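# A structural walkthrough
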Amino acid sequence: SSGSSANTADNGGDDTITIGFAQVGAESGWRTANTDSIKSTLTADNGFDLKFSDAQQKQENQIQAIRSYIAQGVDVIAFSPVVESGWDAVLQEAKQAGIPVILTDRAVDTDDDSLYESFIGSDFVEEGRRAGEWVSQNLGTEPINVVELQGTTGSAPAIDRKEGFADAIADNSNVTVIDSQTGNFTRAEGKTVMEGFLQAHSDIDVVFAHNDDMALGAIEAIEAAGKVPGKDIKLISIDGVKDGMTALADGKISYIVECNPLLGPDLAEIAKKVVAGEPVDKRIVTKDEAFDQEAAKAALPDRKY
Ligand code: GYE
């Protein structure tokens, strides 16, 4: 079904591309928007037969899904790796089976970049840096204590956003990260971890959350503790999903660095090229904006996710 004449028996000779997509899970608003983008782009009308799986944020489930796509002999495999490391073996299996792999959203940590064709997604270090710069420039004129809600341990966005933020505040001695723990990119865990932070520290000025969902969970914890988000404790997050942008417009979050989840169109284009044997860029960086309260108010009416 790859379009080559030797391999058309499985789909009756049409040019449909069978693609297996191994998704991370459904942990956040970002992820839901990303899944919607993929499902609404990789359609039969657009020349695709999409096989989609949800790994519930477990690497072993994703590996199993990829193995099943290899066994089914799909034309191309795409996935968003839940964590960075531990992919070489299964990617070797895909390579040996002659099935090209496209990474979307998150990177893998490997020495062998022949194991994938292209990586489509945002620059997470840059996102963290922009968040850190905003904190440093707007809040760091006096000493402030930051607590950090990290994304999934070992995931590219958690590693890179932490690094970018730390980098951006390094030269400002007023800004100190006093605690940093994972909230696994979910609202529920963001809330629980924030409750712990509030019990352990009486002097929190700022929350840096690696995504909007954890910031929204933290807001619940802050309000439950009788404090006012945006006043007593300010929040900065990454993503720019509707619920996050609404909290920003309401003044509960102070700044959001966008991470664009709408990767379906780029994935469709790259998948078609890869299957046709055309050259593709090894790295495609998605463009991201950033929003303060006024920008969020202006953007919200047209926000699709
Ligand atoms: O920021 C978060 C999601 O990998 C960029 O995963 C993605 C991140 C996103 O759970 O909300």
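Residues numbered from 1 in each chain as written. Predicted model: local features only at pLDDT ≥ 70, side-chain atom pairs only at ≥ 80, totals over all residues.

The next point concerns the overall build of the chain. From N to C terminus, the chain includes ten helices and twelve strands. At 21 Å, the chain has a C-alpha radius of gyration in line with the 19 Å of a compact globule built from 305 residues. Reported as C-alpha extents along the three principal axes, the dimensions of the chain are approximately 70 × 40 × 30 Å. Scored against the burial criterion, the 305 residues of the chain give a buried share of 50%. (Helix = DSSP H or I, 4+ residues; strand = E, 2+ residues; numbered from the N terminus. Rg over C-alpha atoms; globule rule 2.2 N^0.38 Å. Buried ≥ 20, exposed ≤ 12 C-beta atoms within 10 Å, placed from the backbone.)

Within the largest apolar cluster, 44 residues are counted, with the highest numbers of intra-cluster contacts made by V135, V207, F208, A215, A218 and L235. The element best represented in this core is helix 7 (residues 212-224), accounting for seven residues. For A215, the contacting residues outside a window of four places in its chain are G190, V207, A209, L235, S237, G244 and I253. The next biggest cluster of nonpolar side chains, apart from the first, holds 40 residues, and it includes I38, V74, V83 and I99. (Core = buried A, V, L, I, M, F, W, Y, C linked by C-beta atoms within 7 Å. Contact = placed C-beta atoms within 7 Å.)

Let us now look at the environment of N184. As for its position among the elements, N184 is in the loop between strand 7 (175-182) and helix 6 (187-200). Exposure remark for N184: the 25 C-beta atoms within 10 Å place this residue in the buried category. In sequence terms N184 and G151 are 33 residues apart; their C-alpha atoms lie 4.7 Å from each other. Once you skip the residues sitting within four places of it in the chain, N184 turns out to touch E27, T152 and E189.

Here six strands make up an open sheet; going across it, the order is 2-1-3-4-5-11 and the pairing parallel. Edge strands, defined here as strands with exactly one partner in the open sheet, are strand 2 (48-54) and strand 11 (283-285). On average, each strand axis in the sheet is tilted by 20° relative to the strand beside it, whichever way the strands run. (Pairing = 2+ DSSP bridges. Axes fitted to C-alpha atoms, helices over the stretch in contact; angles between N-to-C directions.)

Judged by pairing direction, the sheet is mixed, and its six strands sit side by side in the order 7-6-8-9-10-12 without closing on themselves. Of all the strands in the sheet, the pair left with one neighbour each is strand 7 and strand 12 (290-291). With seven bridges connecting them, strand 6 (residues 144-150) and strand 7 associate as parallel partners. Each bridged residue has a counterpart across the sheet, and for Q150 the counterpart in strand 7 is T182. Across the sheet, helix 5 (residues 156-169) lies against strand 6, strand 7, strand 8 (206-209) and strand 9 (234-239), angled at about 165° from strand 6, the strand it touches most.

A few words on the pairing of strand 2. Relative to strand 2, strand 1 (residues 17-23) is paired through seven bridges, and the arrangement is parallel. For T18, the partnering residue across the bridge sits in strand 2 and is D49.

In the vicinity of the ligand, 13 residues are found, and the nearest of them are S28, W30, P157, F185 and N211. Residue assignment for the shell around the ligand shows that the elements contributing at least two residues are helix 1 (29-41) and strand 9. For the shell around the ligand, a count of residues per class yields five nonpolar, two polar and six charged. (Near = placed C-beta within 6 Å. Nonpolar A, V, L, I, M, F, W, Y, C, P; charged D, E, K, R; others polar.)

Here we come to the packing of helix 2 (residues 59-72) against helix 3 (residues 88-96). Remark: helix 2 packs on helix 3, axes separated minimally by 10 Å, with the N-to-C direction vectors making an angle of 10°. Classified by the angle their axes make, helix 2 and helix 3 are roughly parallel. When helix 2 is examined against helix 3, the residues I63, I66, R67 and I70 are found in contact with a partner set consisting of V90, E93 and A94. Here the contact of helix 2 with helix 3 is built from residues that sort into five nonpolar, no polar and two charged. (Parallel < 35°, antiparallel > 145°, perpendicular 65-115°, else oblique.)

Let's shift gears to helix 3. Every buried residue belonging to helix 3 is among V90, L91 and A94, and all of these are buried. Looking straight down helix 3, one finds its buried side chains confined to an arc of 100°; they lie on one side. Exposed residues lying more than 90 degrees from the buried face of helix 3 are A89 and Q96. Buried positions along helix 3 lie against helix 2, strand 3 (76-79) and strand 4 (101-104). Count one or two residues on from helix 3 and you reach G98, which has phi positive near 75°. (Arc of directions from axis to C-beta.)

Right, let's get into the UniProt feature "domain: Periplasmic binding protein" (unreviewed entry) in the chain. Here the UniProt-annotated "domain: Periplasmic binding protein" (unreviewed entry) positions come out as residues 19-278. A helix fraction of 43% and a strand fraction of 20% characterise residues 19-278, whose end C-alpha atoms lie 17 Å from each other. (UniProt positions renumbered as here; feature names shortened; annotations may be inferred.)

With that out of the way, let us pick up the environment of K242. Structurally, the position occupied by K242 is in helix 8 (residues 242-249). It is 34 Å that separates the C-alpha atoms of K242 and P100, two residues lying 142 residues apart in sequence. Not counting chain neighbours up to four residues away, the residues in contact with K242 comprise G29, R303 and Y305.

With that settled, the discussion passes to unusual backbone geometry. We note that D105 has phi near 75°; this positive angle belongs to a residue other than glycine. Looking at where D105 falls in the secondary structure, it is placed in the loop between strand 4 and strand 5 (118-121). For D239, which is not a glycine, the phi torsion comes out positive at approximately 135°. With respect to the secondary-structure elements, D239 resides in strand 9. For D239, a count of 30 C-beta atoms within 10 Å translates into the label buried.

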